[in-house]
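Now for the letters of each chain:
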Amino acid sequence: MPVYKKYVDMIVRYFPDGTIKPLAVWWDEGKIYEIDRILDIRPAASMKAGGAGIRYTCRIRGHETYIWLEENRWFVEAKGRPIGSVG
Amino acid sequence: MKRVILHSDCNAFYASVECLHRPEIRNEPVAVGGEPEHRHGIILTKNQIAKKYGVKTGEPLWKAKQRCPSLVIIPPNFSLYLRFSEMARKIYLDYTDRVEPFGIDEAWLDVTGSTSLFGCGSKIAEEIRQRIKTELGITVSVGVSFNKIFAKLGSDYKKPDAVTVIPRDNFKDIVWPLPAENLLYVGPATRKKLNSIGIHTIGELATTPQSCLHGRFGKWGDMLLDFANGRDTSPVAKYDSAYAVQSVGNSTTTIRDLKNNNDVKMILFVLAESVGRRMREQGFKGRTLTISVRDNQLYSITRQCKFSKFTNISVEIANKALWLFRRVYSWTNPIRSIGISVSDFEHDTIPTQIDLYGNEQQRMRLERLDGAVDVLKRRFGSYCVQRASLLTEPSLTHFDPKSENTIHPVGYF
């Protein structure tokens, strides 16, 4: 299964001390995936999607998944091909 | 005191960052280069695969395409590279505050004081190499040694993604068999001169009598001799982002070859205004002026001179550059590209010593004029006010070096 870099809508909580906590991913069709728990936060690159930033290891509906904060945008390693791509 | 110095060098930096972001081109020959539709498109960096085809940094895009027709050429994205450079520096700063950047993709680290905390030099180097790989997704090669010159040599020794240690007790075995041009500051010209007196390796350089080198190269000879023997004691500067800028320069390849002093004058004015404006923006004044000229046979020269006073006045920079140009260039060939850079900085808030004979009032007027023009250009664009002399041939002078500024990896020079 090919993987591509997909920027996503995120719902994020900002704390008074400036720290942030991602709460949920707002997927294309308006589906909201709540983050049950953040397991790890560290700077990391995504070789599969192509990018680098702060990587959040999250548990969503029992699955472990990575979400990256790249400067001020969030992306995930999405399965499949980007919409509109050829091939 | 035994120093522990690291030199970290991001391998094929621009190309690596681009390849990270575009997984689909990772297995292709890739080069990052300036706009191909202009005449001045050159290769800034290339990846390992392109290197195998013989693509060279600094060569024109059309030539690289000839060597490797399948070459993927990507226009540079400097803000992205600066972000990655900053991320790498943040990692370095986890180990020491003595981080001295050398261009955008290299840095020296003095970890002497950190070894009791993090382990020996090679352990720190290994950790940095690993972290850059996982956190940035690009590779570095790191040299570990007891001075800056050998640390740099170490990072060039094995590429990519490697750590090389050059210890004090057996540096001769590793360093001395290497060709002399591997030593920092030995460029093509110095190499030629060294070869002409029978010096080909660093070892041969190291064992040459001082009087012989001094006679040929002056104080540079003494310096090279010290370097070859591992006697470099220059410190690694403390990291301070404000001081990271050491020179401001612009250069351009013009749309047609320059044929006379008047052509050159127009271009020098455009470049000097950009350089002056960038220095004023960053709050610097400089004292050393460098011009570089490349003729249409691709033969290039670089010459320096000093200003009598620290300056960032556009007219002073342009006139000095023109004066220097007239002195050093004999018009054997038309000129293809030309550049100005100013270095040896001081902050512009430092009071200046005025003298009895200089016209300080005139200089203050020029400074105010530059300030006013800067404001206009910032609000209404770089072409809103121009010198009349530039309008005699607008097609030649209509370029904006400031906004089109290219950041070259150090390896280019």
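Residues numbered from 1 in each chain as written. Chains lettered and ligands numbered in written order. Predicted model: local features only at pLDDT ≥ 70, side-chain atom pairs only at ≥ 80, totals over all residues.

## Let's talk about the nonpolar core
All names here are of chain B.
Then step 1. Counting residues in each nonpolar core, the largest one holds 70 residues, and the members touching the most others are Leu 6, Ala 31, Leu 109, Phe 150, Leu 183, Leu 205 and Ala 228.
Then step 2. The dominant element in this core, judged by the number of residues it contributes, is helix H1 (residues 13-21), at six residues.
Then step 3. A domain-level breakdown of this core finds at least three residues from each of domain 1 (1-169) and domain 2 (176-228).
Then step 4. Setting aside residues up to four positions removed in sequence, Ala 228 forms contacts with Leu 183, Ile 202, Leu 205 and Ala 206.
Then step 5. Val 248, Phe 269, Ala 272 and Ile 317 belong to the second largest nonpolar core, which has 26 residues in total. (Core = buried A, V, L, I, M, F, W, Y, C linked by C-beta atoms within 7 Å. Buried ≥ 20, exposed ≤ 12 C-beta atoms within 10 Å, placed from the backbone. Helix = DSSP H or I, 4+ residues; strand = E, 2+ residues; numbered from the N terminus. Domains from an automatic or database assignment. Contact = placed C-beta atoms within 7 Å.)

## Quick word on the sheet that holds strand S1 (residues 5-10) of chain B
All names here are of chain B.
Then step 1. Taken together, the five strands give an open sheet; going across it, the order is S5-S6-S1-S7-S8, and neighbouring strands pair in mixed fashion. The open sheet is flanked by strand S5 (99-102) and strand S8 (162-165), the only strands paired with a single partner. In this sheet, adjacent strand axes meet at a mean angle of 15° when their direction is disregarded.
Then step 2. Two elements, S5 and strand S6 (residues 106-110), share four bridges in a ladder whose sense is antiparallel. Within S6, the position partnered with Val 99 by the bridge is Leu 109. (Pairing = 2+ DSSP bridges. Axes fitted to C-alpha atoms, helices over the stretch in contact; angles between N-to-C directions.)

## Points about the interface of chain B and chain A
Interface extent is often summarised as the accessible area lost during association of the parts.
Then step 1. Taken residue by residue, the interface counts eight residues in chain B and eight residues in chain A.
Then step 2. Broken down by secondary-structure element, the contributors of at least two residues to the side of chain B that touches chain A are H1 and helix H6 (121-136) of chain B.
Then step 3. If one sorts the elements of the side of chain B that touches chain A by residue count, H6 of chain B sits on top with three residues.
Then step 4. Tallied by class, residues from the side of chain B that touches chain A come to three nonpolar, three polar and two charged. (Nonpolar A, V, L, I, M, F, W, Y, C, P; charged D, E, K, R; others polar.)

## Brief notes about H6 of chain B
Residue and element names in this part refer to chain B.
Then step 1. Helix length check: H6 (16 residues) gives 22 Å between terminal C-alpha atoms against 22 Å at 1.5 Å per residue, within 8%.
Then step 2. What H6 keeps buried is the set Gly 121, Ile 124, Ala 125, Ile 128, Ile 132, Glu 135 and Leu 136. The buried side chains of H6 occupy one side of the element, clustering within an arc of 120° when seen end-on.
Then step 3. Immediately beyond the C-terminal end of H6, within one or two residues, lies Gly 137, with a positive phi of roughly 75°. (Expected span 1.5 Å × (residues − 1). Arc of directions from axis to C-beta.)

## Considerations on the domain arrangement of chain B
Then step 1. Here chain B is described as being made up of domain 1 (1-169), domain 2 (176-228) and domain 3 (245-412).
Then step 2. The gap between the C-alpha centroids of domain 1 of chain B and domain 3 of chain B is 30 Å.

## Section: the sheet that holds strand S10 (residues 284-295) of chain B
All names here are of chain B.
Then step 1. Taking strand neighbours across the sheet as the criterion, the four strands line up as S9-S12-S10-S11 in an open arrangement whose pairing is antiparallel. Each edge of the open sheet is held by one strand with a lone partner, namely strand S9 (247-258) and strand S11 (300-311). Across the sheet, the mean angle separating the axes of adjacent strands is 15° when strand polarity is ignored.
Then step 2. Judged from the 11 bridges that link them, S10 and strand S12 (residues 335-347) form a sheet pairing that is antiparallel. Directly across from Thr 288, in S12, lies its bridge partner Ser 343.
Then step 3. Most of the contacts of helix H13 (residues 261-282) go to S9, to which it runs at about 155°, and overall it touches S9, S10 and S12.

## Quick word on unusual backbone geometry
Then step 1. Backbone torsion omega between Lys 159 of chain B and Pro 160 of chain B reads -15°, so that peptide bond is classified as cis.
Then step 2. Even without a glycine there, the phi angle at Arg 61 of chain A is positive, about 50°.
Then step 3. On the secondary structure map, Arg 61 of chain A appears in the loop between strand S6 (51-60) and strand S7 (63-70).
Then step 4. Take Arg 61 of chain A: there are 9 C-beta atoms within 10 Å of it, and that puts it in the exposed class.
Then step 5. Positive phi, normally seen in glycine, also occurs at Ala 12 of chain B, with a value near 40°.

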